[in-house]
Amino acid sequence: MGDTCIIIGASHAAAQLAPSLRQEGWTGPIVVIGDEPSLPYHRPPLSKAYLSGEKNAHDLLIRASDVYSRFGIEFRLGERVESINRSSKTVTLRSGEELAYGKLAICTGTRVRTVTLPGSTLAGIHYLRNIADIDRIKADVRVGGRAVIVGGGYIGLETAAVLNKLGMHVTVLEMAPRVLARVTASQVSEFFERVHGEEGVEIQTSIAVSGFEGDTRVERVVCANGTHLPVDMVIIGVGVTPNVELAAEADLATDNGVLVDACARTSDPDIVAVGDCTMHPSPFYGYIRLESVPNATEQAKSAAAALCGKEKPYAALPWFWSDQYDIKLQIAGLNQGYDEVVVRGERATGRSFSAFYLKSGKLVAADCVNRPQEFMVSKRLIAEGIEVTPGQLANEGIALKSLLEAVRDNSPT
Ligand SMILES: Cc1cc2nc3c(=O)[nH]c(=O)nc-3n(C[C@H](O)[C@H](O)[C@H](O)COP(=O)(O)OP(=O)(O)OC[C@H]3O[C@@H](n4cnc5c(N)ncnc54)[C@H](O)[C@@H]3O)c2cc1C
C-alpha cells in the first residue's frame, strides 16, 4: 500500500479517516485537500459556543497539527479539487495542478441552500456553515440590535438562543406551521416554541419571507403576508445540499448523496465517500443521508478499513444533539414514518422530558430533553430491537433502564 490516498475535504470525516487509515495499515502518503484555510474543525459549536464567544477558532480544531504530522498526514489547505479523472486516477485542483491517487476519499460535506429573493444579496444577510460565516455574523452583533432568523430548524433555533443571550432582539420566521417540523413531533416543537418565548425570542410560524429591503444593508424583511420587520441582521438557515457534483461528474452513482455501500465504497472500488455527502445503507432505516458528526466519524472508520482491503461495515444507530439555553436535546435514531408518539415527563411546563417515536408498535427514535440517561437507554432499546410498550415508556415510575435489565434477565444463559 505505497500508493497515495487523497482525501477531498478537510472535514470531520477526514479528521477521522486519515488517522484511521494509518491504524488500518496504510503506509503510502495521505494528502488531504481542503478549500477552507483551516485544519478540520468542529462545526457544531459554530452556532453555539463559537458564536457566543466562549470558544475561539483554535478551540474548534478536531486535532492539533502535530497529531497529523505524527501520522504523516499532509494537508493542502485553501485548495479546491475541481474534477476527478477516474481513468488516469488523478484529481485536478483549481490551479490546474494534477495529483495522482491510488485510492480516493470524497468527504465534501454539504453547502447551505441559498435563497434568491429580492434583496437577498444585501449586506447584513448571512448564512451559517463555516468559521468565516460566523466571523461575519459576529461582526454584526449589537446589543439591542434586531436579528431575524429565517428558518426554525435546529441551527436557526440554536443561533436564536445565542443571539438572544448576546443581547439582540431575535425573531424566528418559519414557513411551516411549527418549528422543527421536518425533524420532530408537534409535542417537541411546541416545547421549543414555549422555551424560546420564555427566553424572549419571538417565533412566527406559517409565515413566508418574500424579500429584503435596504439601501446597501438590509433594513427590513418583507413577508408574503405584507408585514415588514425592521432588522439589523438576517440569518438564513433553510437547509443544506450535499456536495455531490465532483462525484456525479466523474460518473459515480449519486442520489441525493454519493451512493455508497455499508463500507463507504462508491461504485468505483478505488473511491470511498464519507459523511454528510453520502447516501448509505443503515441496518435500521434503509438508505439514508445523515447530517451529523457521529455519522461522519463512524463511517470514516469503515471507509479506512475498506481502503485497506478490509470489511468493517458501518452499522451504528444514528444520533444527534442540539444545545439551546440550558437545554441539551439528545436524539436517538430517526423518527421517519412514525405513527405514535409517547411523552414521558412534563413537557408543558418543565424543561425535562422524553418523546418516544413508535412505528407499528416498535420504538424507532427518541428525543430526550435534559435526560442523558434516557437517551443512552433509548439508543440500546432501539439498536437491540427490545420490545417496549407505550405504557412502560410513559410511566415515570418505571425506570427505562429496567427495560434493558428485564431483557438481560430473560435471555438464555
Ligand atoms: C452551524 C452548524 C451546527 C451543527 N450542529 C451539529 C450538532 O449539534 N450535532 C451534529 O451532529 N452535527 C451538527 N452539525 C452538522 C455537522 O457539522 C456535519 O454533519 C459535519 O460537519 C459533517 O462532516 P463532513 O465530514 O461530512 O463534512 P464537513 O465537516 O462539512 O466538511 C466538508 C469540507 O469539504 C470542503 N470541500 C467541499 N468540496 C470541496 C472540494 N471540491 N475541494 C476541497 N474541499 C472541498 C468543504 O468546504 C468543507 O470544509 C452542524 C453543522 C453546522 C453548520
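For the structure itself, look to the data block above.
First, a word on scope: everything that follows refers to the structure included in this document. Model, not experiment: these values are computed from the prediction.

### Considering the overall build of the protein
- Looking only at helices and strands, the protein features 12 helices and 26 strands.
- Here the protein has a C-alpha radius of gyration of 23 Å; the compact-globule value for 413 residues is 22 Å, and the two agree.
- The C-alpha extent of the protein, read off along each of the three principal axes, is 70 × 60 × 35 Å.
- For the protein, the proportion of its 413 residues judged to be buried stands at 41%.
- Considering only residue pairs separated by 6 or more positions, the protein has 61% of its internal contacts joining residues 24 or more positions apart.

### Quick word on the nonpolar core
- Within the largest apolar cluster, 117 residues are counted, with the highest numbers of intra-cluster contacts made by I7, L17, A105, I106, V234 and V274.
- The biggest single contributor to this core is helix 9 (residues 293-307), with 8 residues.
- Filtering out sequence-adjacent residues up to four positions away, I106 remains in contact with I8, L246, A247, V258, I271, A273 and C277.

### Points about the site of the ligand
- The ligand sits among 34 residues. The nearest are G9, S11, R43, G109 and G275.
- Take the shell around the ligand: its biggest share by element is 3 residues, from strand 22 (residues 319-324).
- Taken together, the residues that form the shell around the ligand break down as 16 nonpolar, 11 polar and 7 charged.
- Counting contributing residues, the shell around the ligand receives three or more from each of domain 1 (5-111 + 240-307) and domain 2 (125-236).

### Details of the packing of helix 6 (residues 154-165) against helix 7 (residues 186-199)
- It is the contact of helix 6 with helix 7, at a shortest axis distance of 11 Å, that shows an interaxial angle of 15°. On the basis of the axis angle, helix 6 is roughly parallel to helix 7. For the pair helix 6 and helix 7, the crossing hand works out as left-handed. In this structure, helix 6 uses L157, A160, A161 and N164 to contact helix 7, whose residues at the interface are F192, H196 and E199.
- Looking at the contact of helix 6 with helix 7 residue by residue, the classes come out as 4 nonpolar, 2 polar and 1 charged.

### Observations concerning the packing of helix 1 (residues 12-24) against helix 9
- At a closest axis distance of 8 Å, the pairing of helix 1 and helix 9 adopts a crossing angle of 30°. Here helix 1 lies roughly parallel to helix 9, going by the angle between them. Like other packed secondary-structure pairs, helix 1 and helix 9 cross with a definite hand, here right-handed. Residue-level inspection shows H12, A13, Q16, L17, S20, L21 and E24 of helix 1 in contact with helix 9, the latter providing V293, A296, T297, Q299, A300, K301, A303, A304, A305 and L307.
- Of the residues in the contact of helix 1 with helix 9, the class split is 10 nonpolar, 5 polar and 2 charged.

### Concerning unusual backbone geometry
- Of note, the phi angle at L180 is positive, near 55°, even though the residue is not glycine.
- Assignment of secondary structure puts L180 in the loop between strand 11 (169-173) and helix 7.
- You can call L180 buried: it has 24 C-beta atoms within 10 Å.
- Even without a glycine there, the phi angle at N256 is positive, about 55°.
- Residue position: N256 is located in the loop between helix 8 (245-249) and strand 18 (258-259).

### Thoughts on the sheet that holds strand 13 (residues 209-213)
- Spatial ordering of the open sheet is given by 13-14-15, a layout of 3 strands whose pairing is antiparallel. Every other strand in the sheet has two partners, leaving strand 13 and strand 15 (228-230) as the edge strands with one partner each. This sheet shows a mean twist of 20° between the axes of neighbouring strands, independent of strand direction.
- As judged from the 4 bridges shared by strand 13 and strand 14 (residues 220-223), these two strands associate in the antiparallel manner. Paired with F212 across the bridge in strand 14 is V221.

### A look at the environment of S83
- Within the secondary structure layout, S83 lies in strand 4 (residues 81-85).
- Measuring from C-alpha to C-alpha, the distance between S83 and A250 comes to 7.5 Å, with 167 residues separating the pair along the chain.
- Other than its neighbours up to four places away in sequence, S83 contacts V91, T92, L246 and E249.

### Side note on the pairing of strand 20 (residues 278-282)
- Note that strand 18 and strand 20 share 2 bridges and pair parallel. Pairing of V258 across the sheet is with T278, part of strand 20.
- One ladder, built from 3 bridges, connects strand 20 with strand 21 (residues 286-288); its direction is antiparallel. Residue S282 lies in a different strand from strand 21, and its bridge partner there is G286.

Scoring rules and cut-offs
- Residues numbered from 1 in each chain as written.
- Predicted model: local features only at pLDDT ≥ 70, side-chain atom pairs only at ≥ 80, totals over all residues.
- Helix = DSSP H or I, 4+ residues; strand = E, 2+ residues; numbered from the N terminus.
- Rg over C-alpha atoms; globule rule 2.2 N^0.38 Å.
- Buried ≥ 20, exposed ≤ 12 C-beta atoms within 10 Å, placed from the backbone.
- Contact = placed C-beta atoms within 7 Å.
- Core = buried A, V, L, I, M, F, W, Y, C linked by C-beta atoms within 7 Å.
- Near = placed C-beta within 6 Å.
- Nonpolar A, V, L, I, M, F, W, Y, C, P; charged D, E, K, R; others polar.
- Domains from an automatic or database assignment.
- Axes fitted to C-alpha atoms, helices over the stretch in contact; angles between N-to-C directions.
- Parallel < 35°, antiparallel > 145°, perpendicular 65-115°, else oblique.
- Left-handed = near helix turned anticlockwise from the far one by under 90°.
- Pairing = 2+ DSSP bridges.

Purely geometric stuff here, so don't read any function into it on its own.
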